[in-house]
Amino acid sequence: MPNPAPQRIADGKVVTIHYTLTDEAGITIDSSRGSPPLDYLHGARNIVPGLESALLGKAVGERLNLRIPPEEGYGPYNPKGVQRVPRESFPDDIELEPGMQFSAEDESGRGVTIWIAEVEGEVVTIDQNHPLAGKVLCFDVSVEQIRDATLEEMSHGHPHGPGGHHHH
Ligand code: ZN
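Basis of the calculations
Residues numbered from 1 in each chain as written. Predicted model: local features only at pLDDT ≥ 70, side-chain atom pairs only at ≥ 80, totals over all residues. Heavy atoms only, no water. Helix = DSSP H or I, 4+ residues; strand = E, 2+ residues; numbered from the N terminus. Buried < 20%, exposed > 50% of the residue type's maximum accessible area, 1.4 Å probe, protein only. Salt bridge = Lys/Arg side-chain N within 4 Å of Asp/Glu carboxyl O. 1 Å grid on protein atoms, 1.4 Å probe; cavity = no way out; pocket = protein on both sides within 12 Å on 5 of 7 lines; lining within 4 Å. Points joined across faces, edges and corners; volume = space filled by probe spheres on them. Nonpolar A, V, L, I, M, F, W, Y, C, P; charged D, E, K, R; others polar. Core = buried A, V, L, I, M, F, W, Y, C linked by side-chain atoms within 4.5 Å. Contact = heavy atoms within 4.5 Å. Pairing = 2+ DSSP bridges. Axes fitted to C-alpha atoms, helices over the stretch in contact; angles between N-to-C directions. Domains from an automatic or database assignment.

1. Considering unusual backbone geometry
In this structure, Arg 45 is a non-glycine residue whose phi angle is positive, near 60°. For Arg 45, the location among the structural elements is in the loop between strand S3 (38-41) and helix H1 (49-55). For Arg 45, a relative accessible area of 61% gives the class exposed.

2. So, the pattern of salt bridges
Applying the stated rule across the entire model yields seven salt bridges. Here Glu 62 and Arg 8 are joined by a salt bridge, their closest N and O atoms 3.4 Å apart. One end of the pair, Glu 62, is in the loop between H1 and strand S4 (63-68); the other, Arg 8, is in the segment before strand S1 (13-22), with 54 residues separating them in the sequence. On the basis of relative accessibility, which here comes to 30%, the residue Glu 62 falls in the partly exposed class. Taken together, the shared-partner salt bridges connect Arg 33, Arg 63 and Asp 140 into one network.

3. Some details on the layout of surface pockets
Roughly 280 Å³ of volume is contained in the largest pocket. What lines the largest pocket is a set of 17 residues, and nearest its centre among them are Tyr 19, Asp 30, Leu 38, Ile 47 and Tyr 74. Where the lining of the largest pocket is concerned, the elements lending two or more residues are S1, strand S2 (28-31) and S3. Tallied by class, residues from the lining of the largest pocket come to 13 nonpolar, two polar and two charged.

4. Observations concerning the nonpolar core
Note on soluble globular proteins: their nonpolar side chains tend to be buried together. The biggest cluster of nonpolar side chains holds 20 residues, and the ones touching the most others in it are Leu 51, Leu 55, Leu 66, Phe 139 and Val 141. A total of five residues in this core trace back to one element, the largest contributor, which is strand S9 (residues 137-148). Leave out the neighbours within four places in its chain, and Phe 139 touches Tyr 19, Thr 20, Leu 21, Val 48, Leu 51, Leu 64, Asn 65, Leu 66 and Ile 68. Ranked by size, the runner-up nonpolar core spans nine residues in total, among them Val 85, Phe 90, Ile 114 and Ile 126.

5. Focus on the pairing of S2
Two elements, S1 and S2, share three bridges in a ladder whose sense is antiparallel. Counted as the bridge partner of Thr 20 is Ser 31 from S2. Between S1 and S2, which pair antiparallel one after the other, the connecting turn spans five residues, and Gly 26 there sits at a positive phi close to 90°.

6. Here's the deal with the sheet that holds strand S5 (residues 82-86)
Spatially, four strands are ordered S5-S8-S7-S6 in an open sheet, and the strand pairing comes out antiparallel. For this open sheet the edge positions go to S5 and strand S6 (101-105), each flanked by a neighbour on one side alone. Averaged over all pairs of adjacent strands, the angle between strand axes in this sheet comes to 45°, irrespective of strand direction.

7. Considering the domain arrangement of the protein
Domain annotation for the protein reports domain 1 (13-74 + 132-156) and domain 2 (80-127). A separation of 29 Å is found between the C-alpha centroids of domain 1 and domain 2.

8. Observations concerning the pairing of strand S7 (residues 111-120)
Here S6 runs beside S7; their pairing, made up of five bridges, is antiparallel. Paired with Glu 105 across the two strands is Gly 111, which belongs to S7. Where S6 folds back onto S7 in an antiparallel hairpin, the turn is made up of five residues, including Gly 109, whose phi is positive at roughly 85°. Note that S7 and strand S8 (residues 123-127) share five bridges and pair antiparallel. Bridge pairing in S8 places Val 119 opposite Val 124. Linking two consecutive strands that pair antiparallel, namely S7 and S8, is a turn of two residues; a positive phi of about 60° is found at Gly 121 within it.

Structure below.
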């Protein structure tokens, strides 16, 4: 009996990974280990480009150690992305804290994500750079599961949990 070829990561696969993300100094930024693993839809830009391209063609059980430059991660840091705005630009009933994320529109009406960098009285410093922009990302990633995406997942551009069940 021939062994069936193992599934390999490709566009249109829902891939389950465990990962630990550290910075260049080895400080852990984020980790799925000890929590449920992460599902993503390959080819749909659910994860940073450098991680997605390194996982292409990998099989369950493979483990990679990657050093991803900012250009393949969350992009270079753009100092022009930082702005100081009045506190009253934000809803009164939200307590603003550094690291909070908001959806906003730029001058041309395009939807952008902004992060709160600092709150000083009536002045809020906002940043359009992702908090990890400009940083080298060191990933220790292992492939846990690979399955075909459902048509619904393909059309939504993201996975729907175990077995493709809708969860949002
Ligand atoms: Zn969906």
